[in-house]
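# Architecture at a glance
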Amino acid sequence: PAEAALTPQALRRVSREATVQTFDMAAVALNEDWGAHLDGKQIQRWAEAVGRRLVQDRYRELREALCGRPPRPPANAPALLVIGLDGGRVQMREKDAQTGSRWREDKVATVTTYRPGDGAEVKPQHLVTTHVGTMEKSEMFGKLARVEAQRRGMDQTGQVLVTGDGGNWIDPVVEREFSGAVRILDYAHASEH
């Protein structure tokens, strides 16, 4: 993207480093590997610009889908699509002005394609997993997860499974966005969340 004057490979590395550690520590790691003299503020500018672009692209895709133009599915429909829904807590860099806390609730969907097994000896073969995450409310999260599942071939696939841990917001999301899917809820782990 034009937001960062880096090669795609360098931008990928900057983005990865900036998401797993502070911007200053990301700069230290990149400087050591690249023999550069980058500052944490520069890493922050690049990473946040890429993040804004990705969010804009995701919401543009959502607006298109809500207007009746869902994303184009893959040319070869998956035989099995598994959608995992979960939520958790993430610690932010800045405190929330209202609560004074750095902790926020996040929601994440995994969309995984499989080559099905035979139900006996041959296990399903994992092919590709993509992720959608947001700190939006569950209604918006559900729409974002559905668009990602459509992009991955949900409407053309042979079987769709939705997994979750029984969180109180998961059932309504499944009802609204994935009503034709088979649900597999893991209530054994629901008490951990």
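Below you will find a few notes about this structure. These numbers come from a predicted model, not from an experiment. (Residues numbered from 1 in each chain as written. Predicted model: local features only at pLDDT ≥ 70, side-chain atom pairs only at ≥ 80, totals over all residues. Heavy atoms only, no water.)

Take the layout of surface pockets next. Computed from the structure, the largest pocket encloses a volume of approximately 1,200 Å³. Looking at the lining of the largest pocket, the elements with two or more residues in it are helix H1 (8-20), helix H3 (40-66), strand E1 (80-91), strand E2 (103-115) and strand E3 (125-134). In terms of residue count, H3 provides more of the lining of the largest pocket than any other element does, nine residues in total. Residues that form the lining of the largest pocket fall into these classes: 14 nonpolar, nine polar and seven charged. (1 Å grid on protein atoms, 1.4 Å probe; cavity = no way out; pocket = protein on both sides within 12 Å on 5 of 7 lines; lining within 4 Å. Points joined across faces, edges and corners; volume = space filled by probe spheres on them. Helix = DSSP H or I, 4+ residues; strand = E, 2+ residues; numbered from the N terminus. Nonpolar A, V, L, I, M, F, W, Y, C, P; charged D, E, K, R; others polar.)

A few words on the pattern of salt bridges. For the coordinates displayed, the defined rule picks out eleven salt bridges. Measuring nitrogen to oxygen at the nearest pair gives 3.8 Å for the salt bridge that ties Asp-96 to Arg-104. What makes Asp-96 partly exposed here is its relative accessible area of 22%. Each of Arg-58, Glu-61, Glu-148 and Arg-151 takes part in one network of salt bridges that share partners. (Salt bridge = Lys/Arg side-chain N within 4 Å of Asp/Glu carboxyl O. Buried < 20%, exposed > 50% of the residue type's maximum accessible area, 1.4 Å probe, protein only.)

On to H3. Between the first and last C-alpha of H3 there are 39 Å, a value that for 27 residues agrees with the 39 Å anticipated at 1.5 Å per step. Along H3, the positions that sit buried rather than exposed are Gly-40, Ile-43, Gln-44, Trp-46, Ala-47, Ala-49, Val-50, Glu-61, Leu-62 and Ala-65. The inward-facing, buried residues of H3 abut H1, helix H2 (23-34) and helix H4 (138-151). The N-cap residue of H3 is Asp-39: its side-chain oxygen and the backbone nitrogen of Lys-41 are 2.9 Å apart. Looking at the residues trailing H3, positive phi occurs at Gly-68, about 90°. (Expected span 1.5 Å × (residues − 1). Contact = heavy atoms within 4.5 Å. Polar contact = N/O pair within 3.5 Å; in protein donor to acceptor, adjacent residues only side chain to side chain.)

The subject of this paragraph is H2. A turn of α-helix holds 3.6 residues, and therefore any two residues three or four places apart point the same way. For H2, which comprises twelve residues, the first-to-last C-alpha distance of 16 Å matches the rise-based estimate of 16 Å (1.5 Å per residue) to within 8%. Along H2, the residues classified as buried are Phe-23, Ala-26, Ala-27, Ala-29, Leu-30 and Asn-31. Tucked into the core, H2 has its buried residues touching H1 and H3.

Moving on to the side chain of Lys-107. Tracing the sequence through the fold places Lys-107 in strand E2. Here Lys-107 falls in the buried class, since its relative accessible area comes to 4%. Engagement of the side chain of Lys-107 in a polar contact is seen with the side chain of Glu-105, the distance being 3.1 Å. Ignoring anything within four residues of it in the chain, the contact list for Lys-107 reads Asp-86, Gly-87, Val-132, Gly-133, Thr-134, Glu-136, Lys-137, Ser-138, Phe-141 and Trp-169.

On the secondary structure map, Glu-139 appears in helix H4. Sequence spacing of Glu-139 and Arg-176 is 37 residues, and the spatial spacing of their C-alpha atoms is 8.7 Å.

With that out of the way, let us pick up the packing of H1 against H2. Between H1 and H2, the least distance of the axes is 8 Å, while the angle of their chain directions is 140°. When the axis of H1 is compared with that of H2, the two are oblique. Our pair here, H1 against H2, has a crossing hand that is right-handed. Contacts from Ala-10, Arg-13, Val-14, Glu-17 and Ala-18 of H1 reach H2 at Phe-23, Ala-26, Ala-29, Leu-30, Asp-33 and Trp-34. When the residues that make up the contact of H1 with H2 are grouped by side-chain class, the tally is eight nonpolar, no polar and three charged. (Axes fitted to C-alpha atoms, helices over the stretch in contact; angles between N-to-C directions. Parallel < 35°, antiparallel > 145°, perpendicular 65-115°, else oblique. Left-handed = near helix turned anticlockwise from the far one by under 90°.)

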